[in-house]
Amino acid sequence: MRNDRRLTLLALATAGLLWGTTIPLTKVALAGVGPGWLTVVRFTLAALPIAIIARHKLRAAISPRVVAWGIIGYGGVLTLQNAGIARTSVSHAALIVGAVPVLVALMGLATGRGVTGAGNWAGLAISLLGIGVIAGHGGGEATLTGDALVGASAVLSAAFLVAQPKLLAGRSPLAVTGVQFAAGAVAVLPMALAGGAPPVPGMMPAVATLILTFAGTLAPFALFAYGQSRVSPSAAGAFLNLEPLVGFLIGVALFGDAFGSAQAAGGIAVLAGIALTSVSLFGVARPARPARRTAVRQPELHVEAGMLAADAGHPVLEPSVGVR
């Protein structure tokens, strides 16, 4: 059980770190590829290796709801986000994307698909505060249209994260991801075609698109699907706070963005918030209360607190030893 928790934590953290490269890479790729075509190319190339690896589980992963949420959660979210990034600053995009975990927690609470404890809320609030500090001192040009497009993508992304655990239950996370990638690419293709023929990008946009496809799409989405199938939506969503932090650091290192005490304090706050959420989710187990004795002796379940099962996003206790 402990090894499983460590693997889940590692998968979610790695996904968040890799996603942090997507905003800078998207900025570079958009110089030669439009928002629609970038979404189509990105998800088509990412879906192909998944289709090969998970070919024996694809049939079980296909359902109307899986396909529909693939269109919304991948095709819709990424098209809106690409269009927004092209029209706003990295700092504004980072702040808006950083609000996704809070939206996930609120939607999960409203729909009954997640339970967020005090530690989780505190971690989300601290991370969001840190992201706000970073974005507020990031500089750059921004437009209301660009902010609105990124905001719309954030709302759709949060809804997708809340719905996804139920879709993953009993299915291969990798196969579901592949089906949804393909659904997103096919759905966006008509819009991309309406904007013209596929462009021929220069060297830098082409390289950025390839890196975005595999390091920013294939690996993190698959890792996140694995982790999300084992925890609640709000817990998984907390690791998305790594994305704006890493994106900002890349901007400082490679794009010459400003860095000072405010940015450093914001980065520390993001990491502290994620650590607090992680402790809340993966903390040391506490012994369970003994079951009330009845006339007929019932089997005792030895449970480990904090273990979550993906049953429509509802956290439940799983046996750590067994029934005796």
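Heads up: the structure comes first, above all this text.
A brief structural summary.

About the criteria used
- Residues numbered from 1 in each chain as written.
- Predicted model: local features only at pLDDT ≥ 70, side-chain atom pairs only at ≥ 80, totals over all residues.
- Heavy atoms only, no water.
- Helix = DSSP H or I, 4+ residues; strand = E, 2+ residues; numbered from the N terminus.
- Buried < 20%, exposed > 50% of the residue type's maximum accessible area, 1.4 Å probe, protein only.
- Contact = heavy atoms within 4.5 Å.
- Areas by Shrake-Rupley, 256 points an atom, 1.4 Å probe, with all protein chains shown as cover.
- Axes fitted to C-alpha atoms, helices over the stretch in contact; angles between N-to-C directions.
- Parallel < 35°, antiparallel > 145°, perpendicular 65-115°, else oblique.
- Left-handed = near helix turned anticlockwise from the far one by under 90°.
- Patch = residues over 30% accessible without salt bridge, like charges linked within 9 Å, V, L, I, M, F, W, Y side chains within 5 Å.
- Salt bridge = Lys/Arg side-chain N within 4 Å of Asp/Glu carboxyl O.
- Core = buried A, V, L, I, M, F, W, Y, C linked by side-chain atoms within 4.5 Å.
- Expected span 1.5 Å × (residues − 1).
- Bend = angle between axes of the 7 residues up to and from the residue.

Before going further, it helps to examine the overall build of the chain. Broken down by element type, the chain carries 14 helices and two strands. When burial is assessed residue by residue, the chain has 48% of its 324 residues classed as buried. Considering only intrachain contacts with a sequence separation of at least 6, the fraction spanning at least 24 residues in the chain is 85%. For the chain, the computed accessible surface area is about 14800 Å², with 70% contributed by carbon and sulfur atoms.

To continue, consider the packing of helix α2 (residues 22–29) against helix α11 (residues 203–228). Relative orientation of the contacting elements α2 and α11 amounts to 150 degrees, with a least axis distance of 8 Å. Here α2 is positioned roughly antiparallel relative to α11, judged by the angle of their axes. The crossing of α2 and α11 is left-handed. Residues Thr22, Leu25, Thr26, Val28 and Ala29 of α2 lie in contact with α11, whose contacting residues are Met204, Pro205, Ala208, Thr209, Ile211, Leu212 and Gly216.

Taken together, the side chains of Met203, Val207 and Ile211 define a hydrophobic patch exposed on the protein surface, amounting to about 290 Å² of accessible area. With respect to the helices and strands, Val207 occurs in helix α11. Take Val207: its relative accessible area is 37%, and that puts it in the partly exposed class.

Bringing the nonpolar core into the picture now. Membership of the largest hydrophobic core comes to 48 residues, with the highest contact counts inside it found for Phe43, Val100, Phe181 and Phe224. If one sorts the elements of this core by residue count, helix α9 (residues 144–168) sits on top with nine residues. Those residues in contact with Val100, other than ones at most four positions away along the chain, are Ala154, Ser157, Ala158, Leu161 and Leu240. By size, the runner-up hydrophobic cluster in this structure holds 14 residues, among which are Leu30, Val33, Val188 and Ala192.

Our next topic: α2. Summarising burial for α2: six of the eight residues are buried, a large majority. Those residues of α2 not exposed but buried are Thr22, Ile23, Pro24, Leu25, Thr26 and Ala29.

So, about the pattern of salt bridges. For the coordinates displayed, the defined rule picks out one salt bridge. Taking the shortest distance from any N to any O, the salt bridge between Asp4 and Arg230 comes out at 3.6 Å. Placement of Asp4 in helix α1 (residues 2–19) and of Arg230 in the loop between α11 and α12 (233–238) is noted, with a sequence separation of 226 residues between them.

Right, let's get into α9. Between the first and last C-alpha of α9 there are 36 Å, a value that for 25 residues agrees with the 36 Å anticipated at 1.5 Å per step. Where α9 bends most, the angle comes to about 30 degrees, and this point is Val162, followed within four residues by the proline Pro165. With its phi angle positive at about 80 degrees, Gly170 sits one or two positions after the end of α9.

Geometric values such as these leave the question of function open.
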